[in-house]
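Report on the structure
Below, each chain spelled out in residue letters.
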Amino acid sequence: MKVKNYEEWLRAVNAEHRKLSEMSCYLNEKGVERMRAFGTLGNLADFCATPQELVAWIDGKEGLDKYDMANLESSHIMSAISALRSIAKAGEEGITT
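Residues numbered from 1 in each chain as written. Predicted model: local features only at pLDDT ≥ 70, side-chain atom pairs only at ≥ 80, totals over all residues. Heavy atoms only, no water.

1. Some words on the overall build of the protein chain
Of the regular secondary structure elements, the protein chain holds 5 helices and 0 strands. Beginning at the N terminus, the succession of helices and strands in the protein chain can be written as α-α-α-α-α. Whereas a compact globule of 97 residues would reach a radius of gyration of roughly 13 Å, the protein chain reaches 13 Å, a difference of no more than 12%. Expressed along its principal axes, the backbone C-alpha trace of the protein chain runs to roughly 45 × 25 × 20 Å. Taken over 97 residues, the protein chain has a buried fraction of 38%. Taking all contacts inside the protein chain whose residues are at least 6 apart in sequence as the whole, residues at least 24 apart take part in 64%. (Helix = DSSP H or I, 4+ residues; strand = E, 2+ residues; numbered from the N terminus. Rg over C-alpha atoms; globule rule 2.2 N^0.38 Å. Buried < 20%, exposed > 50% of the residue type's maximum accessible area, 1.4 Å probe, protein only. Contact = heavy atoms within 4.5 Å.)

Right, dumping it as structure tokens:
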């Protein structure tokens, strides 16, 4: 996932979820898993103002149920979480990527 900031990242995550949701009746098991994982990521992001907040929530797993945790551990969103971590780190260092 190539994004420059948290806003672009959030748009990309929501766009992927929306795309998958629109064709959900055609998705196989892996597609449904991907849709749910991106949905969980987008939902959590809605409650976070900064990428650092979201990374802390993902790492801390505070208040997450077993389904949310399983979705966040999905290989389908690893590149999105990696991009989020890069954005959060750059923000902490005061660097614009």
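On we go.
2. Let's talk about the environment of L54
Relative to the elements of secondary structure, L54 occurs in helix α3 (residues 51-60). As a C-alpha pair, L54 and R85 span 31 residues in sequence and 9.2 Å in three-dimensional space. Those residues in contact with L54, other than ones at most four positions away along the chain, are Y6, W9, L44, A45, C48 and L84.

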